[in-house]
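Chain residues, written in single-letter form:
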Amino acid sequence: MTRTTDRHDIVVGIDPVKNWHLALAWAVDEARLRGMGLRLVVAVPPQHDTQHVDDTPRHLALRQTGTEALRTAIAWAHSRQPAVNATSALFDGFPAGVLNGLSSEAGMIVLGSRHLSRTEEFLSAGSLVVPVTAQAHCPVAVVGDAEHVTQEAPYLVVGVDGSESSRAALAWAFEEADLRRCALRAIAVWQPPVFSLHSGDTLFHAERRMLSETTAGWAEKYPDVRITHEVLIGSPVETLANAAEHALAVVVGRRGRGGYTGMRVGSVVHGLLHRAHCPVITVPAV
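Residues numbered from 1 in each chain as written. Predicted model: local features only at pLDDT ≥ 70, side-chain atom pairs only at ≥ 80, totals over all residues. Heavy atoms only, no water.

1. Regarding the overall build of the protein chain
For step 1, the next point in the chain: On a plain count of helices and strands, the protein chain comes out with 9 helices and 10 strands.
For step 2, the next point in the chain: The proportion of buried residues among the 286 residues of the protein chain is 51%.
For step 3, the next point in the chain: The contacts in the protein chain between residues at least 6 apart in sequence include a share of 80% that link residues at least 24 apart.
For step 4, the next point in the chain: Per element, the accessible surface of the protein chain, about 13700 Å² overall, is 52% carbon and sulfur. (Helix = DSSP H or I, 4+ residues; strand = E, 2+ residues; numbered from the N terminus. Buried < 20%, exposed > 50% of the residue type's maximum accessible area, 1.4 Å probe, protein only. Contact = heavy atoms within 4.5 Å. Areas by Shrake-Rupley, 256 points an atom, 1.4 Å probe, with all protein chains shown as cover.)

2. Some details on the packing of helix H1 (residues 21–34) against helix H2 (residues 56–80)
For step 1, the next point in the chain: Contact geometry of H1 with H2 gives a least axis separation of 10 Å together with a crossing angle of 45°. In terms of orientation, H1 lies oblique with respect to H2. Classified by chirality, the crossing of H2 by H1 is right-handed. Two secondary-structure elements touch here, H1 through His 21, Leu 24, Ala 25, Val 28 and Asp 29 and H2 through Ala 73, Trp 76, Ala 77 and Arg 80.
For step 2, the next point in the chain: Split into classes, the residues belonging to the contact of H1 with H2 amount to 6 nonpolar, 1 polar and 2 charged. (Axes fitted to C-alpha atoms, helices over the stretch in contact; angles between N-to-C directions. Parallel < 35°, antiparallel > 145°, perpendicular 65-115°, else oblique. Left-handed = near helix turned anticlockwise from the far one by under 90°. Nonpolar A, V, L, I, M, F, W, Y, C, P; charged D, E, K, R; others polar.)

3. Some remarks on the sheet that holds strand E3 (residues 86–92)
For step 1, the next point in the chain: Strand order in the open sheet formed by 10 strands is E3-E2-E1-E4-E5-E10-E9-E6-E7-E8, with mixed pairing between adjacent strands. The strands lining the two open edges of the sheet, one partner per strand, are E3 and strand E8 (227–233). Shown here is a sheet whose adjacent strand axes are inclined to one another by a mean of 25°, direction ignored.
For step 2, the next point in the chain: As defined by bridge partners, strand E5 (residues 140–142) adjoins strand E10 (residues 280–283) across 3 bridges and the pair is classed as antiparallel. Bridging from a neighbouring strand, Val 142 pairs with Val 280 of E10.
For step 3, the next point in the chain: Strands in contact with helix H3 (residues 95–103) are strand E1 (10–13), strand E2 (38–44), E3 and strand E4 (108–111); relative to E2, the strand with the most contacts, it is inclined by about 150°. (Pairing = 2+ DSSP bridges.)

4. Some points on the nonpolar core
For step 1, the next point in the chain: Counting 55 residues, the largest nonpolar core has Ile 14, Leu 24, Leu 38, Leu 40, Val 110, Val 158 and Leu 184 as its most contacted members.
For step 2, the next point in the chain: Per-element tally for this core: the top contributor is helix H5 (residues 164–180), with 8 residues.
For step 3, the next point in the chain: Membership of the second largest hydrophobic core comes to 35 residues, among which are Ala 106, Val 129, Cys 138 and Val 252. (Core = buried A, V, L, I, M, F, W, Y, C linked by side-chain atoms within 4.5 Å.)

5. Considering the packing of aromatic side chains
For step 1, the next point in the chain: Inspection of the entire model under this criterion finds 4 aromatic pairs.
For step 2, the next point in the chain: Centroid distance Phe 174 to Tyr 222: 5.8 Å. Interplanar angle 20°. Geometry classified as stacked. One end of the pair, Phe 174, is in helix H5; the other, Tyr 222, is in the loop between helix H7 (218–221) and E8, and 48 residues separate them in sequence. Here the two residues Phe 174 and Tyr 222 agree in accessibility, since each one is buried.
For step 3, the next point in the chain: These aromatic residues form a ring-pair network of at least three members: Phe 174, Trp 218 and Tyr 222.
For step 4, the next point in the chain: One residue, Lys 221, lies across the ring of Trp 218, its end atom 4.6 Å from the ring centre. (Phe/Tyr/Trp six-rings, centres within 6.5 Å; stacked < 30°, edge-to-face > 60°. Lys NZ or Arg CZ within 6 Å of the ring centre and 35° of its normal.)

6. Observations concerning the pattern of salt bridges
For step 1, the next point in the chain: Counting across every chain of the model gives 10 salt bridges.
For step 2, the next point in the chain: With a closest N to O distance of 2.6 Å, Glu 175 and Arg 34 form a salt bridge. Here Glu 175, found in helix H5, pairs with Arg 34, found in helix H1; they are 141 residues apart in sequence, far enough to count as distant.
For step 3, the next point in the chain: One network of salt bridges, in which partners are shared, links Glu 30, Arg 34, Glu 175, Glu 176 and Arg 180. (Salt bridge = Lys/Arg side-chain N within 4 Å of Asp/Glu carboxyl O.)

7. Comments concerning the pairing of E2
For step 1, the next point in the chain: Of all 7 residues in E2, 6 are buried, a share of seventy percent or more.
For step 2, the next point in the chain: A crossover connection joins E1 to the parallel E2 through H1; in handedness this β-α-β unit is right-handed.
For step 3, the next point in the chain: Sheet topology places E2 next to E3; 7 bridges connect them, and they run parallel. Paired with Leu 38 across the bridge in E3 is Ala 86. (Right-handed = clockwise from strand over helix to strand, strands pointing away.)

8. Some details on the side chain of Glu 176
For step 1, the next point in the chain: Along the polypeptide, Glu 176 turns up in helix H5.
For step 2, the next point in the chain: One polar contact links Glu 176 to Arg 34, side chain to side chain, over a distance of 2.5 Å.
For step 3, the next point in the chain: Not counting chain neighbours up to four residues away, the residues in contact with Glu 176 comprise Glu 30, Leu 33, Arg 34 and Leu 156. (Polar contact = N/O pair within 3.5 Å; in protein donor to acceptor, adjacent residues only side chain to side chain.)

9. Regarding the pairing of strand E9 (residues 250–253)
For step 1, the next point in the chain: A two-sided burial pattern is seen for E9, the buried positions comprising Val 250 and Val 252 on one face and Val 251 and Gly 253 on the other.
For step 2, the next point in the chain: Here strand E6 (residues 155–159) runs beside E9; their pairing, made up of 2 bridges, is parallel. What sits directly across from Val 157, in E9, is Val 250.
For step 3, the next point in the chain: Pairing of E9 with E10, which is carried by 4 bridges, proceeds in the parallel orientation. Bridging from a neighbouring strand, Val 251 pairs with Ile 281 of E10.

Following this line, the structure appears as structure tokens:
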């Protein structure tokens, strides 16, 4: 398997009008862990197309603010992890398009806030989370809350449902757990159907079999990763969020078996971006 450490930089979106420290701290630590470079990015949307108002002064002011934010952020990143090669870039363009374009050669995209209803002028993670998660060519990590302090041994949670994207998420989660030297909880969530021709026991055991078959072979590839297999009953979003309450991150595939028709992110991904307190890492299918 090609490790993501063989790919290019981790790209982190810097929002000049919001606190970027949590996302950048997570990104620079991940870059050190993977031996990757770090690229800090601000995207400034194009000027408004109007015949009545000259938008040039406002656009120039946005560029200046973005430049200053990048200068401050890269100095902060260097102070946190001096060994990481960190660079910065200011782009003109709509933020989602800029990041999705960069994702084709990135090892990961890291965004900050998950306030999905907000729309801002800069690289607002609030307006970027869904479109970037849905279209990026690489894993996307959304880091929204403060780092947790817990007495529990460190662990990652990965959601497994048998889909191609969840298989990609499992591969990525094993690699991450190996790098972090932490445990991995592979979780399948079974939500009992309202109507079914099969018994509940039959369906539950089918879910256990799927989880066992999907994870088979990975322990041999990563013998140092302690893995547990769990089939839990309940709502997938709530169950995974609760299981990851003190996790280093929860890892899921971009689309699962239960995604809404027409959506490019599954309903579980969408729900976790609102509900989970730890970083949410979404992995596209290979």
